[in-house]
Amino acid sequence: MSEQLLAQLINGLLIGCMYSLIAVGLTMIWGVMNIVNFAHADFLMIGMFTSFWLYTLYGVDPLLSIPVCGVLLFLLGWIIYKFVVSKVMTGPALAQVVVTFGVSIFIANAAVFLWSPDFRMIEKPLLQGSWIMGPVRLSIPKAVASIGSIAITLALFLFLRKTKTGKAILAVEMNRSSALLMGINTERVNALSFAIGSSLVGIAGAFLSMYYYIYPQVGGTFGLLSFCIVALGGFGSIEGAFIAGILIGIVQTLGGYYFDPAYKYAIVFALYLVTVWIRPQGLMGW
Amino acid sequence: MLEIKNASIGYKGGVLAVQDISFTVNKGEVVSLIGSNGAGKSTVLRAISGLLRLRTGEILLNGEALHAVPPYDIVRRGIALVPEGRQLFGRLSAIDNLLMGAYAIDSKQRTQETLETVLALFPRLAERKGQRAETLSGGEQQQLAIGRGLMSQPKLLMLDEPSLGIMPKLVSEIFETIQKVSKKGLTVLLVEQNVFEALHISDRAYVLQTGRIVLEGRGEELLKSDLVRQAYLGM
């Protein structure tokens, strides 16, 4: 394997882990309440800006902003569910599609209004520079963000499989009326899942803010990619979203390397189209 | 123990599935609701569980109104439903399905004790406890569904068509189990299309036709009645 290829592969893996963390929250929300949260990537942007402002105004390093973003977006997710999404849960399907779309447009435009559409960066985060390992240069913030993303996805996985509340979330996902019969308050599980999904993407935002440009429309690309990852992995499947996220990251970087960076998204979406053509339920769907 | 008074139940925007029915279940009894497909039997059980709301009438449990309690609190009042078609959590293991049955019970020790009782009642489930529910056979799934219902330590166990889609050989096994748990003091409300088996194990039964109760009586009496023999037993 050529050294260049190895370097690209590692780069793809690193960005793929971030995609996974973003998509896992989205797929979980879909799995539990069959709602596509179009505002998901805007929550990512809020996470990034939270980290940016904490750094700029108070000198808080993005590393310390990670838990802050997690808690803040958890609360925001809960509020948005309670006051917006839950109102249309029993309404027509179109209302359910449109409502989160409205939230998305509102948040993105509010951000432009408040903070202008400028691109910003956190200039001197605690973590910067690269590790040089033979031929491979490994960006430290990217590596830390990716390892963190894997750890958090794993933690979510264990929470769902091992705790009573986690299993209740899975139970609602599998059979809502049976879950009610067991005594599970399904409305609360909805709110909790929405909050957890939002919290995960908020944490992803804090990670990304260590090395990525921060601007109000940053949700656009990430949003599109995360819908694609969720569908590719299988709607509702957390394992699927995790694997698909990493796969998309690698395909994107290798595609950009072998063909032309301008085509990298075209290659990603071609892969997506071919997969759902052969396997409409996605890689790990049911 | 359980009283249904002049209840009418309908699905959203549709006609009434059940009209003005009244019946009671006394403590320790096995009571059956029998009738053909679409007579409204399952609708009644779903309403008692709170999954459907009454249009009119009342449901009382030991004199307390049940029809305004949120569905997720019904099980905490001591009522468990084993739904039609089993409705298991397919991708959870058998043991996790049983543990979800005890979701409303906060004491780990009590859950563990009940789990042992249930596994003793269904030894097959003990052998398959790590297996995903969706990979079990029909009979095992029904045992799991009943076991899950028992895990909440109910005072009243409601079973909706427990013999549906099960090998004939296993059907009598299921009915024996129901008899076994009722002998231990559990009150049972049973909905069945398998009229013969159901009436055999019932103290009393009600016959439902197109949403109304047309006949009631002791199980053995109904087995001899002309209406039941002609309409449901084909004699």
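All residue numbers refer to position in the chain's written sequence, counted from 1. Ligands are numbered from 1 and chains lettered from A, in the order in which they are written. Since the coordinates come from a predicted model, pLDDT governs what is reported: local features require at least 70, and pairs of side-chain atoms require 80 or more to be given and counted, while whole-chain, interface and lining totals use all residues. Hydrogens and waters are ignored; side-chain quantities use all the structure's heavy atoms.

Observations regarding the overall build of chain A
For chain A, the helix and strand inventory stands at 11 helices and two strands. Walking chain A from its N terminus toward its C terminus, one meets helices and strands in the order α-α-α-α-β-β-α-α-α-α-α-α-α. Radius of gyration (C-alpha) of chain A: 19 Å, near the 19 Å computed for a compact globule of 286 residues. Principal-axis analysis of the C-alpha atoms gives chain A an extent of 60 × 50 × 35 Å. Accessible area is worked out with a 1.4 Å probe on protein chains only. A residue is then buried under 20% of its type maximum, exposed over 50%, and partly exposed in between. For chain A, with 286 residues in total, the buried portion stands at 55%. Taking as baseline every contact in chain A between residues at least 6 positions apart, the subset at least 24 positions apart corresponds to 76%. Here the open area of atoms and residues is found with the Shrake-Rupley method and a 1.4 Å probe, where only the protein chains shown may cover a residue. Total accessible area computed for chain A in this model is approximately 12600 Å², and 71% of it derives from carbon and sulfur atoms. Helix and strand labels come from DSSP, where a helix needs a run of H or I of at least four residues and a strand needs a run of E of at least two; each type is numbered from the N terminus. Radius of gyration here uses only the C-alpha atoms, and the compact-globule reference equals 2.2 Å multiplied by the residue count raised to the power 0.38. Contacts are assigned to residue pairs that have any heavy atoms within 4.5 Å of one another.

Examining the packing of aromatic side chains
Residues and elements named next belong to chain A. Centres within 6.5 Å are what make two rings of Phe, Tyr or Trp a pair, Trp counting through its six-membered ring; a difference in plane orientation under 30 degrees is then read as stacked, over 60 as edge-to-face, and the rest as tilted. Scanning all chains against the criterion turns up 15 aromatic pairs over all chains. Aromatic side chains F119 and Y213 sit 6.0 Å apart centroid to centroid with 65 degrees between the ring planes, which places their arrangement in the edge-to-face category. In this pair, F119 sits in the loop between α4 (93-115) and β1 (130-133) while Y213 sits in the loop between α8 (186-208) and α9 (219-233), placing the two residues 94 residues apart along the sequence. Residue F119 is classed as exposed on the basis of its relative accessible area of 54%. In this structure Y213 comes out as partly exposed when scored by relative accessible area, which is 46%. Aromatic rings pair up to connect F49, F52, W53 and W115 into one cluster.

What about the interface of chain A and chain B?
Taken together, the contact pairs 20 residues of chain A with 25 residues of chain B. Buried surface area refers to the total accessible area, computed with a probe of radius 1.4 Å, that the two partners give up upon joining, counted for both partners together. Roughly 2000 Å² of surface becomes buried between chain A and chain B when both sides are summed, with 64% attributable to carbon and sulfur atoms. Together, M174, L181 and M182 of chain A form the three largest contributors to the area buried by chain A at its contact with chain B, with a combined 35%. Any carboxyl oxygen of Asp or Glu within 4 Å of a side-chain nitrogen of Lys or Arg constitutes a salt bridge here. For the interface between chain A and chain B, the tally reads two salt bridges. Two N or O atoms form a polar contact when they lie within 3.5 Å of each other; inside protein one atom must be a possible hydrogen donor and the other a possible acceptor, and for residues adjacent in sequence the pair counts only when both atoms belong to side chains. Here chain A and chain B share seven residue pairs in polar contact (both at pLDDT 80 or more) between them. Breaking the side of chain A that touches chain B down by element, the ones donating at least two residues are α6 (164-174) and α7 (176-181) of chain A. Sorting elements by how many residues they give to the side of chain A that touches chain B places α6 of chain A first, with seven residues.

A closer look at helix α10 (residues 238-258) of chain A
Helix length check: α10 of chain A (21 residues) gives 30 Å between terminal C-alpha atoms against 30 Å at 1.5 Å per residue, within 8%. With a side-chain oxygen lying 2.9 Å from the backbone nitrogen of G240 of chain A, the N-terminal cap of α10 of chain A falls on S237 of chain A. Here the expected length of a helix is defined as 1.5 Å per residue gap, with one fewer gap than residues.

Re the confidence of the model for chain A
Per-residue confidence from the predictor is reported as pLDDT, a score between 0 and 100. Overall, the prediction assigns chain A a mean pLDDT of 92, with 100% of residues at 70 or greater. Confidence, expressed as mean pLDDT per element, reaches its minimum in chain A at β1 of chain A with 82 and its maximum at α8 of chain A with 97.

Here we look at the packing of helix α6 (residues 138-150) of chain B against helix α7 (residues 168-183) of chain B
Residues and elements named next belong to chain B. Closest axis-to-axis distance for the α6/α7 pair is 10 Å, and the angle between their directions is 15 degrees. It follows that α6 is roughly parallel to α7 by the angle criterion. α7 is crossed by α6, and the crossing has right-handed handedness. Along the contact surface, α6 presents G139, Q142, Q143, I146 and L150, while α7 presents L170, E173, I174 and V181. Gly counts as polar in this scheme, as do all residues outside two lists: the nonpolar Ala, Val, Leu, Ile, Met, Phe, Trp, Tyr, Cys and Pro, and the charged Asp, Glu, Lys and Arg. Among the residues forming the contact of α6 with α7, the class breakdown is five nonpolar, three polar and one charged. Helix axes are fitted to C-alpha atoms over the stretch in contact, other axes to C-alpha atoms as well, and angles between N-to-C directions run from 0 to 180 degrees. An angle counts as roughly parallel when it lies under 35 degrees, as roughly antiparallel when it exceeds 145, as roughly perpendicular when it falls between 65 and 115, and as oblique in every other case. Crossing handedness: left-handed means the near helix sits turned counterclockwise from the far one by under a right angle, and right-handed means the same turn made clockwise.

Examining a nonpolar patch on the surface
Residue and element names in this part refer to chain A. Residues V71, L75, I79 and F83 make up a contiguous nonpolar surface patch of about 420 Å² in total accessible area. For L75, the location among the structural elements is in helix α3 (residues 62-88). Residue classification places L75 among the partly exposed residues on the basis of a relative accessible area of 48%. Without a salt bridge and with relative accessible area above 30%, a residue can belong to a patch; like charges are then joined within 9 Å and nonpolar side chains (Val, Leu, Ile, Met, Phe, Trp, Tyr) within 5 Å.

Details of the state of the cysteines
Here, the term disulfide refers to a pair of cysteine sulfur atoms separated by no more than 2.5 Å. The full count for this structure, using the stated rule, is zero disulfides over all chains. Cysteine C17 of chain A remains unbridged, with the sulfur of C228 of chain A as its closest cysteine sulfur at 17 Å.

Concerning helix α1 (residues 3-33) of chain A
Residue and element names in this part refer to chain A. Here α1 contains 31 residues, and its C-alpha end-to-end distance of 45 Å stays within 8% of the 45 Å for a straight helix at 1.5 Å per residue. In terms of burial, α1 is a largely internal element, 22 of the 31 residues being buried. Where α1 ends, the next residue or the one after it, N34, has phi of about 50 degrees, a positive value.

Considering the side chain of S49 of chain B
Inspection of the secondary structure assignment puts S49 of chain B in the loop between α1 (41-48) and β4 (54-61). What S49 of chain B contacts, discounting residues up to four positions off in sequence, is L181 of chain A together with P71, I74, L81 and M158 of chain B.

Details of the sheet that holds β4 of chain B
All names here are of chain B. Only strands that DSSP links by at least two bridges are regarded as paired with each other. Strands sit in the order β2-β1-β4-β5 across an open sheet of four strands; the sheet is antiparallel. One side of each edge strand has no neighbouring strand; the edge strands of this open sheet are β2 (16-25) and β5 (64-65). When strand β1 (residues 2-10) meets β2, the two strands line up antiparallel, connected through six bridges. Bridging from a neighbouring strand, I4 pairs with F23 of β2.

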